[in-house]
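# Coordinates in review
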Amino acid sequence: MEVRYLIQIDPSKILVRYNVKMEKQMTPEEAAEELYPKDKLVYPIAKAIFEGEEDDVVEGLEKAIGSGKDPISLIDDALMVGMGVVTRLYDEGVIFLPNVMMSADAMLEGIEFIKKKAGKAPTVKGKVVCHVAEGDVHDIGKNIVAALLRANGYDVVDLGRDVPVDEVIASVEKENPLMLTGTALMTTTMYAFKEVNDKLLEKGYRIPFACGGGAVNQDFVSQYELGVYGEEAADAPKMADFIKEHGDNIVKLREKFHKH
C-alpha cells in the first residue's frame, strides 16, 4: 500500500531569502560608502581617493590641516585609509584596475601636497626595485606595479624597460631593496628572470623576486629559487607588506600568493 504525504509550504517563506530588493547588488559607490571612516575631516579625503579626484583630495587635506590635523599623520590616517577601501573593493571584484590606477594617482598627489605642507618627506616603508625584462619594451605592467607600490608608501627605484640583467644586479647591490620586481609580456624575454635569479644567488642575495606579466605564469616562476609569482599588479604592495611583517621567506611568500 502506497502512502503519500501532502506537505503544505508557505511560498512567502521560501521567497524571503531571495527577495530581489533584499538581495540587490550594491553599486561600487554604495559599497565604498559602507567602508569610509566616520571622521568628518577624513571622510571626504577617503572618498576623493576612491573617486580618483586629485583636486578633492588636496582640498580635503587642506581643510583637515587647517583644523589642526598633523600633515604627516594624514598619510596613514586618511590617504591610506582611502586606498584601503580601493584595495578591498578591487580584491572583491567590485572595481577594476583602471579605478585603482586613478585612485593611486590621487593618493600620490595627496602625498606630494603633504610633503610641501610639512616641509619634509614622509617615512617610507621600504625600497623596491622594479624593471621590465631585458629585451622587452612593454612597460605598462611595470608602471602599474610602481604606481601602486608608491601609493602604498614604498620608495620605488624604477629601472625602466629592456633592462640588462647586470644592471638589475647592480641596482640590487646599490639599493639593498626589500624586494625586486620584474615584468615580461613576451615569452622570449621572460627567461632573463632566471638569469637574474642565478646571478643574485651567486652574489649571496636571497631577496624575494616578484615576477608577473602576460608571458609569465606561476609554474615558470616556481622553477627558480627566489621567484614569487604575482598574478595581479595589486599583489606587489601586498607582497612588500608581507615581507615587512613576516620577513623575506620565499616559501611563506609562495604559500601566501601562489594561487594555483
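These numbers come from a predicted model, not from an experiment.

### Observations concerning the overall build of the chain
Helix and strand counts for the chain come out as 13 helices and five strands. In summary, the chain has a C-alpha radius of gyration of 23 Å against a globular reference of 18 Å for 260 residues, an excess of more than 25%. Each of the three principal axes of the chain carries a C-alpha extent, and together these read 80 × 70 × 30 Å. The long-range share in the chain, meaning contacts at least 24 apart out of those at least 6 apart in sequence, stands at 71%. When the accessible area of the chain is evaluated, it comes to approximately 14500 Å², of which 51% is carbon and sulfur surface. For the chain, the centre of its 31 positive side-chain charges and the centre of its 45 negative side-chain charges are spaced 4 Å apart.

### Let's talk about the environment of A64
If you trace the backbone, A64 turns up in helix α5 (residues 54-66). On the accessibility criterion, A64 (1% relative accessible area) is buried. Sequence-wise, A64 and V172 are 108 residues apart; in three dimensions their C-alpha atoms are separated by 39 Å. Once residues within four sequence positions are removed from consideration, A64 is found in contact with L41, I45, K69 and L74.

### Things to note about the packing of helix α8 (residues 140-151) against helix α12 (residues 235-246)
Remark: α8 packs on α12, axes separated minimally by 8 Å, with the N-to-C direction vectors making an angle of 45°. Between α8 and α12, the angle falls in the class oblique. Classified by chirality, the crossing of α12 by α8 is right-handed. Contact with α8, carried on its side by V145, L148 and L149, involves A236, P237 and A240 of α12 and no other residues of that element. Residues that form the contact of α8 with α12 fall into these classes: six nonpolar, no polar and no charged.

### Considering the confidence of the model for the chain
The share of residues in the chain with pLDDT of 70 or more is 91%, and the mean pLDDT across the chain is 89. Low pLDDT (under 50) marks residues 1-23, which in the prediction has four contacts with non-local residues, meaning those over four places away or in another chain.

### Details of the packing of helix α4 (residues 43-51) against helix α6 (residues 73-91)
Interhelical geometry of α4 versus α6 gives an angle of 45° and a closest axis separation of 8 Å. Comparing the axis directions of α4 and α6 gives the class oblique. Considering the relative orientation of α4 and α6, their crossing is right-handed. Only A78, L79, G82, M83, V85, V86 and L89 of α6 make contact with α4, whose side of the interface consists of I45, A46, I49 and F50. Of the residues that constitute the contact of α4 with α6, the class distribution is ten nonpolar, one polar and no charged.

### Topic: the packing of aromatic side chains
As enumerated under the stated definition, the model contains seven aromatic pairs in all. Seen in terms of ring centroids, F209 and Y224 are 6.2 Å apart; in terms of plane orientation they differ by 45°. Their pairing is tilted. Of the two residues, F209 is situated in strand β4 (residues 209-212) and Y224 in the loop between α11 (218-222) and β5 (227-229); the sequence distance between them amounts to 15 residues. Both residues of the pair, F209 and Y224, belong to the buried class.

### Concerning the pattern of salt bridges
Here the structure, examined in full by the defined rule, presents 13 salt bridges. Between K69 and D39 there is a salt bridge, with its nearest N and O atoms 3.3 Å apart. Of this pair, K69 sits in the loop between α5 and α6 while D39 sits in the loop between α3 (28-33) and α4; the two residues are 30 residues apart in sequence, bridging distant segments of the chain. Judged by its relative accessible area of 28%, K69 falls in the partly exposed class. Between E173 and K203 there is a salt bridge, with its nearest N and O atoms 3.6 Å apart. Placement of E173 in helix α9 (residues 165-175) and of K203 in the loop between α10 (192-202) and β4 is noted, with a sequence separation of 30 residues between them. Given a relative accessible area of 38%, E173 falls into the partly exposed group. Owing to a relative accessible area of 47%, K203 belongs among the partly exposed residues under this scheme.

### Re unusual backbone geometry
Where the residue is not glycine, phi is negative for most of them; where a peptide bond is considered, it is trans in most cases. If you check the backbone angles, D162 has positive phi at about 50° while not being a glycine. Relative to the assigned elements, D162 resides in the loop between β2 (155-158) and α9. Although it is not a glycine, N176 adopts a positive phi angle of roughly 50°. What makes N176 exposed here is its relative accessible area of 61%.

### Quick notes on the nonpolar core
Here is a general trend for soluble globular proteins: nonpolar side chains tend to be buried in one another's company. Counting residues in hydrophobic clusters, the biggest one holds 58 residues, and the most contacted among them are L79, M83, L149 and M179. It is α6 that provides the largest number of residues to this core, a total of ten residues.

Analysis parameters
- One numbering rule holds for all chains: residues counted from 1, following each sequence as written.
- Local features in a predicted model are, by the rule used here, given only for residues with pLDDT of at least 70; side-chain atom pairs are given and counted only at 80 or more, and totals for whole chains, interfaces and linings are based on all residues.
- Derived side-chain values reflect all non-hydrogen atoms in the structure, with water molecules and hydrogen atoms excluded from consideration.
- Secondary structure counts use DSSP, requiring at least four H or I residues in a row for a helix and at least two E residues in a row for a strand, with both numbered from the N terminus.
- Atoms counted for the radius of gyration: C-alpha only. Globule rule: 2.2 Å times residue count to the power 0.38.
- Residues are treated as being in contact if the distance between any of their heavy atoms lies within 4.5 Å.
- Only the protein chains shown count as cover for residues, and the accessible areas themselves come from Shrake-Rupley with a 1.4 Å probe.
- His is not counted here, nor are the chain ends, while Lys and Arg score as positive and Asp and Glu score as negative.
- Charge positions are represented by NZ for Lys, CZ for Arg, CG for Asp and CD for Glu.
- Each residue's exposure class comes from its accessible area (1.4 Å probe, protein chains only) as a fraction of the maximum for that residue type: buried when under 20%, exposed when over 50%, partly exposed otherwise.
- Fitting a line to C-alpha atoms yields each axis, with helices limited to the stretch in contact; the angle taken between N-to-C directions then spans 0 to 180 degrees.
- For classification purposes, angles smaller than 35 degrees are called roughly parallel, those larger than 145 roughly antiparallel, those between 65 and 115 roughly perpendicular, and all remaining angles oblique.
- Each crossing gets its handedness from the near helix: less than a right angle anticlockwise from the far helix is left-handed, clockwise is right-handed.
- Three residue categories are used. Nonpolar comprises Ala, Val, Leu, Ile, Met, Phe, Trp, Tyr, Cys and Pro, charged comprises Asp, Glu, Lys and Arg, and polar comprises the others, including Gly.
- What pLDDT conveys is the predictor's confidence in a given residue, as a value from 0 to 100.
- For this analysis, a ring pair means two rings from Phe, Tyr or Trp (six-membered ring only for Trp) whose centres lie within 6.5 Å, classed as stacked if their planes differ by under 30 degrees, edge-to-face if by over 60, and tilted for the remaining angles.
- Whenever Lys or Arg places a side-chain nitrogen within 4 Å of a carboxyl oxygen from Asp or Glu, that contact is recorded as a salt bridge.
- Buried residues of nine kinds, namely Ala, Val, Leu, Ile, Met, Phe, Trp, Tyr and Cys, make up a nonpolar core once their side-chain atoms join them within 4.5 Å.

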